Structure formats: C-alpha cells, structure tokens
Amino acid sequence: MKRKYKDYLTAYAFIAPNIVAFLAFILIPVAFSLYMSLHEWKLLVEPDWVGLANWIRLLWFHVEDGRLVANDPRYWRYLGNTAYLLLAVPFTIVVALIFALLLDQPLKGRVVFRTIFILPVVSSTIAVAVVWSWLFNTEFGLINMGLRFIGIRGPAWLGTIEWAKPAVIIMMIWKQAGYNMLLCLAGLQNIPSQLYDSAAIDGAGPWSRFRYITLPMLSPTIFFMVIMGIIAGMQAFNSVFVLTKGGPAESTTTLVYYLYNNGFQWFRMGYASAVAWSLLIIILVFTLIQWRYRTKWVYGETGKP
Amino acid sequence: MAIRKYRCAIAVAVIALLLAPAVFAGGDGEDDAAAQEPVTLRVSDWRGDAGLVEYYAWMTEFEENTGMTIETEVTPFAEYFTKLQTTAAAGIAPDLWNMSSAFLPQIAELGVILDIGDLVDQDPDFSWDDYHEVAVEESFYNGVAYRLPLGLFPAIFYYNKTMFDEAGLDYPNDDWNWDDLLEAALALTRDTNGDGTVNQWGFLVSKAMQVGWSSFVWQNGGEIINQAKTAAAIDQPASIEAIQFLVDLMNVHKVSPGIEAAEQLGDPFLTGQVAMTVHGVWKLNPYSGIEDFEWDVAMIPMQRQSATSSIGGGYTIFKDTEYVSEAFELMKFITEKSQSQKSAGIPAKIENMDLYFEWWDNVPNIAAIGRMIQFGHTLDITLGWNEWRSAAETEVSLALLGRKTAAEAARDAAKAINEVLARQ
C-alpha cells in the first residue's frame with residue numbers, strides 16, 4: 001500500500017469506534033427523533049404520519065372568543081418555569097466564585113473544605129432530592145425549624161406555588177456550586193501573580209484588583225460555566241421529578257418533564273419528540289447568541305475560531 | 001512467516017468458525033411440531049421474583065396436574081407493554097399476559113387480546129355471579145370480556161383511635177356523613193406541643209383523584225366522566241359540590257395539612273400527623289407495622305350514597321395463541337389460586353371475604369371493608385386516562401391552593417378532560 005493511504009487508513013481506524021458510537025447513539029437517534037416528531041406514535045401501534053400537526057400544536061396559536069390563545073398553553077407555561085429555574089445559574093456562579101476566592105488562600109484545612117464542597121456534585125441527584133424534600137418540610141423541616149428559631153414563620157416550601165421554584169433553585173445551587181468552585185479555583189490559579197504584584201505596587205486596593213484583574217482573567221471560566229449551566233438548567237428533570245413531581249399545580253414542571261409525561265405516561269411519542277427538538281433549538285439559539293458575543297467580554301477570545 | 005503466506009486461508013477458516021453456530025442453531029424449531037410435543041404455555045408478567053413466589057409454586061402444581069410446561073417471562077414494567085405490542089405484531093407473543101387495568105383499553109383497541117366471553121359462558125364451573133360486581137365490571141372493556149377478576153383494591157377510611165380517645169370523641173361508624181367528618185376533623189385539629197402552630201390535623205385532603213377526591217364526587221351523586229366514557233362530567237353541580245367540600249376542609253375549616261403533605265415521602269397518617277385519611281387498602285401492610293398509636297378502618301363517610309374507588313388486576317389471553325383452551329385453563333387456575341392468597345386486596349370472589357377478614361384480623365373493624373366494596377366504583381379507565389387524570393388533578397390542586405373556586409377548577413378540568421378524550 002502507498003504509505004500515505006495507509007496512514008490515513010490507520011487514522012480513520014482509530015477514530016472509527018468513536019464515530020460509530022456517535023452515529024449509532026447520538027446522531028441517528030436524534031435525527032430519528034426529528035422524523036418522529038412528524039408522526040403520532042402511541043408506542044403500542046405503528047407511527048402515523050401527521051406532518052407538521054405536532055409542531056403547530058406545540059408552537060402556534062388560534063383565536064378563541066376573539067382572543068389569541070396558544071394551542072398548547074402548558075408548553076409556554078413550562079418554558080417559563082424552565083427559564084425561571086435558570087436563575088440558579090448566576091447564583092451558582094456567584095456562590096462558587098466566593099468559595100473559590102476563600103479557598104484559594106493558604107488556609108489550614110482548605111483541602112477538607114474543598115472535598116466537602118465537591119460532595120454534593122458527586123452525590124446522586126435522587127438521594128439529594130429526597131433529603132432536601134425533608135429539609136423543606138413545612139412542619140418538621142430543618143429549614144423552617146431554623147427560621148422559627150429566629151422568629152420567622154417559614155413558608156410551605158414545596159406546598160405553595162410561589163415558593164416551590166425558589167426551593168428547587170436552592171437545591172440546584174447547593175448541588176452544583178462545588179463543581180463550579182473547582183473550575184474557578186483552577187482559573188484563579190492560572191492568573192499570574194505578577195499581575196497582582198504590579199497592581200499592588202501601583203496602589204490598587206483589593207476591590208480594584210478583583211474587578212480589573214481577577215474577573216477579566218476568570219472570564220473564560222465564567223463563560224464556560226454560563227454556557228454549561230444554561231444547557232444543564234434547561235434540561236432540569238431529576239431534581240424536579242423527586243422534589244415536587246412537577247407540582248404544586250404544575251408550577252415546577254419543566255420542559256423535559258413535559259417531554260417525559262408525553263412520551264412515557266401519555267403515549268404521545270411524536271409530540272414528545274417535537275418538545276425535545278424545540279428544546280434543542282432553544283438551547284442552540286442561547287448558545288449561539290453567547291458565542292456570538294463572547295468577544296465583547298471574554299478575555300482571550302479574538303473572534304477567530 | 002507461515003502466517004503471512006496462508007493468511008487468506010486462515011481468514012476463511014476463522015469466518016467459517018464464527019458463522020457455524022448460526023448455521024447449525026437455526027431451523028431446530030420447525031421439526032418439533034409433532035403432536036407428541038407437550039403443550040408449553042408462555043406467561044408474561046412484570047413482577048419480579050419477590051412478587052412471584054407463590055405464583056411459581058402454583059405453576060409447579062399446574063404443571064404436575066396437567067402435564068403442560070409453563071414458561072414465565074418477566075419484563076420490567078417500563079418495557080412491558082412495548083414488548084407485548086412488538087411480539088404481538090410479530091405473532092410470537094406469550095399466550096397469557098398479566099394485564100393492568102390502566103392499559104386494558106389500549107391493548108384491547110389494538111385487537112391483540114382474546115374475547116373470553118364465549119369461553120366463560122361455556123364453562124360450567126365459572127360464573128360471573130360469584131364475583132363482586134365492580135370486579136366483573138373491570139374485566140370488560142366496551143362490553144367485551146377480556147380478563148377474569150383477581151383481587152380488588154378499594155379505597156377505605158383510616159382513623160387514629162388514640163387521637164379520638166384523647167379528644168373524647170366517638171369512633172366513626174357506618175352512618176357517618178360529611179357533617180360528622182367535618183365535626184370530628186375540627187375537634188381533632190390541634191396544637192399538641194404548644195408551640196403556636198397546628199401540628200395535628202383532622203383529615204388529610206389530597207389532590208390525587210384515585211384515593212383523594214373521586215370517592216367524594218361519587219358519594220354526592222356526581223361523576224368525573226360520564227357513563228359512556230365519552231365526555232367529562234366533573235362540571236356537574238353534584239361533582240362541584242363534592243370538590244367544594246374538600247376545598248373548604250382545607251381552606252375554610254383548615255383541618256388538613258398543606259397540599260404537599262399527601263405527596264411527600266412519608267405518609268402523614270403513618271407518622272401520626274393526621275387523625276383521619278382516605279387511602280387504598282394497600283396501606284394495610286405498612287400501617288400494620290404502626291406501634292405508636294392505635295388505628296382502625298371504617299366506611300368512608302357518605303353523603304347521598306356510599307361510594308369508593310376500586311381497581312383490580314387480571315390476565316388476558318393473546319388473540320393468536322395456539323392453545324386457547326389451555327390458556328383459559330391456566331387463567332382460571334391462577335384466578336382461583338389468587339382468591340386464597342393473602343393480600344391487601346380483597347379476593348374478587350364474594351365467598352372468600354371471610355378469608356380476607358382472617359388475614360387482617362389485626363384490624364378490629366376489618367368487616368367495614370366488606371361492607372364498603374359493595375359500593376365500589378371503577379376508575380372509568382379510558383384511552384388517555386393517565387393524561388386526563390393528571391389534568392384534573394392539576395385543576396383540583398389549584399382549587400385546593402385557593403387560586404380558583406371549585407366551580408372554576410371543575411369547569412377547566414372538564415375542558416381539559418374533553419380535550420384529551422377528543423384526541424384519542
């Protein structure tokens with residue numbers, strides 16, 4: 001064989017397993033899912049071609065009593081719920097950053113603290129949600145007991161529409177902050193100390209150093225955390241499923257929960273596929289917007305791919 | 001090297017070795033269609049080994065009695081019905097299927113299960129009259145018989161005797177109506193540890209349709225969905241009244257913990273937070289382990305009439321099975337055996353009610369369940385049941401949370417239910 005041809009063949013042979021797996025387990029199923037969204041598939045019968053009917057029902061509107069009404073009001077409500085839960089992302093980053101700054105100092109026992117903060121991340125979401133559902137218990141939960149101790153009457157966290165989403169957000173922050181903290185720590189340690197030294201010599205105080213050195217140098221890390229946080233947040237399901245079962249009165253039902261219900265509880269696989277693809281498109285749009293504007297605020301990004 | 005020279009031959013030999021099993025393994029089955037081959041029945045179930053202990057003993061007995069061979073195939077519930085459908089479409093489904101009430105309409109609509117009406121009529125030993133009416137009702141779909149009744153799981157009224165004693169109240173009896181329930185609930189809602197907040201509640205109000213409010217709707221003479229199962233009936237005045245009663249219990253009289261209490265992990269009745277609750281008979285098992293207080297059962301407090309929700313299990317036969325009468329024999333056998341197996345569910349056979357009282361003689365008033373089952377009402381399972389049930393439950397939650405009146409919630413629930421039914 002010609003040497004070059006053989007080299008190419010070897011290279012393709014090495015990446016072949018990965019490509020096969022990607023095709024078989026990701027690309028083809030996702031494409032199939034899009035194809036399925038054009039069908040009505042009750043799982044127990046053959047799929048029925050319905051064209052764009054699922055998509056029209058999902059995204060479009062009609063006129064009722066002279067007013068414009070969504071074809072599927074629940075979809076928009078759940079989209080709103082999911083967007084609300086995205087509030088966890090900035091809070092997680094802030095909390096992670098604070099802890100990272102604290103643990104970057106040469107304190108005694110900081111390795112112990114780092115371990116403790118990473119434990120929630122590696123714990124099973126289901127187990128975490130079970131524990132938090134007890135913490136949030138209106139009468140006996142530790143949170144309300146603590147609030148009672150300082151004289152505040154805690155709300156029915158998982159029992160009222162107003163407080164259920166904040167409760168889920170609190171749990172999500174607790175669960176994820178450790179991982180983001182690790183990322184920030186790594187990012188902090190990559191900041192050359194000469195920058196701080198020269199800034200100190202020039203008379204910059206701690207706040208200025210933070211604002212003009214730490215934050216910009218950390219911006220790639222923050223960018224990463226924001227993108228990954230939004231992608232994961234839009235897919236929130238595990239925590240909601242155990243903590244609130246989407247309730248009370250569907251106030252914590254997310255898009256993925258709606259997808260699950262449609263596909264596995266109500267046997268509308270075609271519609272569930274449409275929900276899934278709409279989620280993909282939304283996340284894609286979010287990510288592309290962030291990518292487009294990254295040069296404006298992320299250090300080191302020059303807009304060249 | 002020698003290998004390089006003969007590599008073609010080696011490759012052919014290796015491939016031949018790999019393909020040999022496939023060549024020789026196929027085609028075995030075709031030769032065995034002789035009449036001498038013993039009958040093999042295949043049964044499918046979703047219960048794991050733990051739930052099938054007695055069942056396997058029955059199967060051994062059946063094999064010894066009849067000389068047939070029984071193969072039980074267990075598939076986890078999540079894939080159970082998909083697997084049934086795919087094997088049915090390919091014509092290779094098992095002969096007998098464990099069939100839950102929630103899926104009977106869909107599977108029946110597919111046309112893959114056998115109408116056993118004639119088999120039952122021609123059988124001298126079997127009579128529908130031996131079984132509770134509500135169990136018989138669940139064996140049919142659209143007027144066609146598909147299952148034989150196994151056991152029944154109605155909802156029943158549980159109350160905490162110790163709390164009643166402490167409050168000096170009389171225990172619930174068969175004549176209790178909603179006013180009695182309200183009166184007792186008010187007296188039993190207290191702050192027992194003096195910290196300023198109520199921590200003992202009178203009655204647990206739940207948003208769940210099956211064990212929460214369906215019984216109340218039916219007791220008031222209302223329905224959730226009409227007799228023909230074609231349209232919602234939850235917006236009838238009688239139904240709205242029933243829901244309003246429960247909403248008032250929660251928001252006006254405040255005798256129930258919040259809406260999340262019924263959903264949380266940890267049963268509020270079990271942990272001694274509520275004095276009275278309506279729940280399924282399957283709670284008899286966990287409640288029998290209670291040591292902190294005395295408890296008992298009673299008929300659910302009635303209104304215009306008595307009613308309770310009821311659901312039961314059963315098996316169905318694959319339409320294209322080779323062994324129709326054999327499968328029916330097995331079905332009858334399993335059904336008969338289930339009537340005497342200890343379970344939280346009532347045996348579907350009326351005469352076995354005494355057995356049930358024996359199994360649960362730790363519950364003083366267990367006979368109340370026997371009286372309650374006569375007023376059993378099926379859950380009106382239709383295509384799309386799961387979807388319209390959760391839509392109705394969401395509306396009822398909104399009423400319980402005080403966001404809508406019961407009338408508004410009922411109207412919106414009716415709209416949602418009709419929408420789901422129209423889409424089936």
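Computed from a predicted structure; not experimentally measured.

Caption draft 1: Layout of the overall build of chain B. Of the regular secondary structure elements, chain B holds 17 helices and 12 strands. For the C-alpha atoms alone, the extent of chain B along its principal axes is close to 95 × 60 × 45 Å. Evaluated residue by residue, chain B yields a buried proportion of 52% over its 424 residues. In chain B, 72% of the contacts between residues at least 6 apart in sequence involve partners at least 24 apart. Summed over all atoms, the accessible surface of chain B reaches about 19,000 Å², with 52% contributed by carbon and sulfur. When the 26 basic and 63 acidic side-chain charges of chain B are each reduced to a single mean position, those positions are 10 Å apart.

Caption draft 2: Structural context of the pairing of strand β3 (residues 61–64) of chain A. Residue and element names in this part refer to chain A. Pairing analysis gives four bridges linking β3 to strand β4 (residues 67–70), with the strands arranged antiparallel. The residue bridging His 62 from the neighbouring strand is Val 69, located in β4. Count of turn residues in the β3/β4 antiparallel hairpin: two residues, of which Asp 65 carries a positive phi of about 55 degrees.

Caption draft 3: Region of interest: the packing of helix α3 (residues 53–66) of chain B against helix α13 (residues 324–338) of chain B. Residues and elements named next belong to chain B. Relative to each other, α3 and α13 sit at 130 degrees, their axes nearing to 11 Å. One way to sum up the angle between α3 and α13 is to call them oblique. As for the relative orientation of α3 and α13, their crossing is right-handed in sense. Judged by residue contacts, Tyr 55, Trp 58, Met 59, Glu 61 and Phe 62 of α3 engage Glu 329, Leu 330, Phe 333, Ile 334, Lys 337 and Ser 338 from α13. Residue composition of the contact of α3 with α13, by class: seven nonpolar, one polar and three charged.

Caption draft 4: How the structure looks around helix α9 (residues 178–188) of chain B. Along α9(B), the positions that sit buried rather than exposed are B:Trp178, B:Leu181, B:Leu182, B:Ala184, B:Ala185 and B:Leu188. Put simply, B:Asn177 is the residue that caps the front of α9(B), since its side-chain oxygen is 3.1 Å from the backbone nitrogen of B:Asp179.

Caption draft 5: Spotlight on the interface of chain A and chain B. Between chain A and chain B, the residue contacts involve 29 residues of the former and 29 residues of the latter. Remark: the boundary between chain A and chain B carries two salt bridges. Two residues, A:Glu162 and B:Arg403, come together in a salt bridge whose shortest N-O distance is 2.7 Å. Listed by contribution, the elements that provide at least two residues to the side of chain A that touches chain B are α6 (125–135) and α8 (161–189) of chain A. The residue makeup of the side of chain A that touches chain B, split by class, is 13 nonpolar, six polar and 10 charged.

Conventions we followed
- Residues numbered from 1 in each chain as written.
- Chains lettered and ligands numbered in written order.
- Predicted model: local features only at pLDDT ≥ 70, side-chain atom pairs only at ≥ 80, totals over all residues.
- Heavy atoms only, no water.
- Helix = DSSP H or I, 4+ residues; strand = E, 2+ residues; numbered from the N terminus.
- Buried < 20%, exposed > 50% of the residue type's maximum accessible area, 1.4 Å probe, protein only.
- Contact = heavy atoms within 4.5 Å.
- Areas by Shrake-Rupley, 256 points an atom, 1.4 Å probe, with all protein chains shown as cover.
- Lys, Arg positive; Asp, Glu negative; His and termini not counted.
- Charge placed at Lys NZ, Arg CZ, Asp CG, Glu CD.
- Pairing = 2+ DSSP bridges.
- Axes fitted to C-alpha atoms, helices over the stretch in contact; angles between N-to-C directions.
- Parallel < 35°, antiparallel > 145°, perpendicular 65-115°, else oblique.
- Left-handed = near helix turned anticlockwise from the far one by under 90°.
- Nonpolar A, V, L, I, M, F, W, Y, C, P; charged D, E, K, R; others polar.
- Polar contact = N/O pair within 3.5 Å; in protein donor to acceptor, adjacent residues only side chain to side chain.
- Salt bridge = Lys/Arg side-chain N within 4 Å of Asp/Glu carboxyl O.

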